[in-house]
Amino acid sequence: MIFAANFKTNHTRASTKKYIETLNQKLTDSECKEEVYVFPPFTALDTFDTTIKMGAQNGYPVRNGAFTGEIGVEQLEEFGIKTILIGHSERREILGESQERVAKKFSFFQENGFEIIYCIGEPLEVREQGDEAVTSHLLAQFEGIDTAYEKLIIAYEPIWAIGTGRSATVEEIRSTHKVLKQSVDKPLLYGGSVNVKNIQEILSIENVDGVLVGSASLDAENFYQLMKK
Ligand code: 13P
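The following paragraphs examine the structure supplied in this document. Everything numeric in this text was worked out from a predicted model, so none of it was measured. (Residues numbered from 1 in each chain as written. Predicted model: local features only at pLDDT ≥ 70, side-chain atom pairs only at ≥ 80, totals over all residues. Heavy atoms only, no water.)

### Notes on the packing of aromatic side chains
This model, assessed by the stated rule, comprises 9 aromatic pairs. Measuring from ring centre to ring centre gives 6.2 Å for Phe-106 and Tyr-149, while their planes differ by 75°; the resulting arrangement is edge-to-face. Linking Phe-106 in helix H4 (residues 99-111) with Tyr-149 in the loop between helix H6 (131-140) and strand S6 (152-156), this pair joins segments that are 43 residues apart in sequence. You can call Phe-106 buried: its relative accessible area is 0%. (Phe/Tyr/Trp six-rings, centres within 6.5 Å; stacked < 30°, edge-to-face > 60°. Helix = DSSP H or I, 4+ residues; strand = E, 2+ residues; numbered from the N terminus. Buried < 20%, exposed > 50% of the residue type's maximum accessible area, 1.4 Å probe, protein only.)

Printed below as a string of structure tokens:
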């Protein structure tokens, strides 16, 4: 199973270092075989001595250049970062990333050999329109994306379930993951209010290959508990 922690705009450089040390120790002591990823904020990126895969929450599709406030491949590679989140709904919705922009970013990081966790998800008004509307909304988020890319992992994160404490139901996850797997045969994560109470149920759903976790990943012990449930 894959367990990915997305810190978003949380944690500092100092607290991330402590977090990685704590989590790494727990994983080592328990001989944990799960695939564990952590996506800290940019300021906390570093070369950590750990089996945890460290990734970037974002990146600009350039090696380097004049793009004030952005980070390119050169800056990521300095810390050995070869994993990136692309298409997160917070970037699509809050930062206004269009599908075209997301696809461009995807192609660039693909050309640079990055492992990509590609996020898709529907807003509540689409979910309320029923399964067909959800499917077509989600499939539209594969426009311009090379879904055959070998280093691709998909994360299905319904927007209305993110940070709301209201995870999708087992049936919603089951049916959506089934449809997605039929279109794209890649590891498929679920994200949206995953916590210690619902993790067991979520991981037991067919076609769920892991989870992408926000709030419940912010404490190392709590994140580790998700793997032990
Ligand atoms: P929460 O786990 O806080 O709902 O966030 C999910 C998410 O957006 C992970 O990328």
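### Considerations on the pairing of strand S8 (residues 210-213)
Here S8 shows a buried face lined by Gly-210 and Leu-212 and a second buried face lined by Val-211 and Val-213. In the sheet, strand S1 (residues 2-6) pairs with S8 via 4 bridges, with the strands oriented parallel. Among the inter-strand pairings, Ala-4 is bridged to a residue of S8, identified as Leu-212. Where strand S7 (residues 188-191) meets S8, 3 bridges bridge the pair, whose relative direction is parallel. In the sheet register, Gly-191 faces S8, and the bridge partner there is Leu-212. (Pairing = 2+ DSSP bridges.)

### Structural notes on empty space enclosed by the protein
Evaluated as defined, the whole model comprises 1 cavity of 30 Å³ or more. The computed volume of the largest cavity comes to approximately 30 Å³. By residue class, the composition of the lining of the largest cavity is 2 nonpolar, 4 polar and 3 charged. (1 Å grid on protein atoms, 1.4 Å probe; cavity = no way out; pocket = protein on both sides within 12 Å on 5 of 7 lines; lining within 4 Å. Points joined across faces, edges and corners; volume = space filled by probe spheres on them. Nonpolar A, V, L, I, M, F, W, Y, C, P; charged D, E, K, R; others polar.)

### A few points about the site of the ligand
The immediate surroundings of the ligand are formed by 13 residues, with Lys-8, Gly-163, Ser-193, Gly-214 and Ser-215 found nearest. One of the backbone N or O atoms of Gly-214 is found 2.8 Å from an oxygen atom in the ligand. The separation between an oxygen atom of the ligand and a polar side-chain atom of Ser-215 is 2.5 Å. Here the ligand, which alone exposes 310 Å², has 98% of that area covered by the protein. The cavity where the ligand resides is the second largest pocket. Class assignment of the residues belonging to the shell around the ligand gives a composition of 4 nonpolar, 7 polar and 2 charged. (Near = heavy atom within 4 Å. Polar contact = N/O pair within 3.5 Å; in protein donor to acceptor, adjacent residues only side chain to side chain. Areas by Shrake-Rupley, 256 points an atom, 1.4 Å probe, with all protein chains shown as cover. Sits in = over half its atoms within 2 Å of the grid points.)

### Re the side chain of Arg-92
Residue placement: Arg-92 occurs in helix H3 (residues 89-93). Although buried, Arg-92 forms no salt bridge, and the nearest oppositely charged side chain, Glu-93, lies 7.1 Å from it. Here the side chain of Arg-92 touches Gly-87 through a polar contact of 2.8 Å, landing on its backbone oxygen. Within polar-contact distance, the side chain of Arg-92 engages the side chain of Gln-99 at 2.6 Å. Not counting residues within four places of it along the chain, the set of residues in contact with Arg-92 comprises Gly-87, Glu-97, Gln-99, Val-102, Tyr-118, Cys-119, Ile-120 and Gln-141. (Lys, Arg positive; Asp, Glu negative; His and termini not counted. Salt bridge = Lys/Arg side-chain N within 4 Å of Asp/Glu carboxyl O. Contact = heavy atoms within 4.5 Å.)

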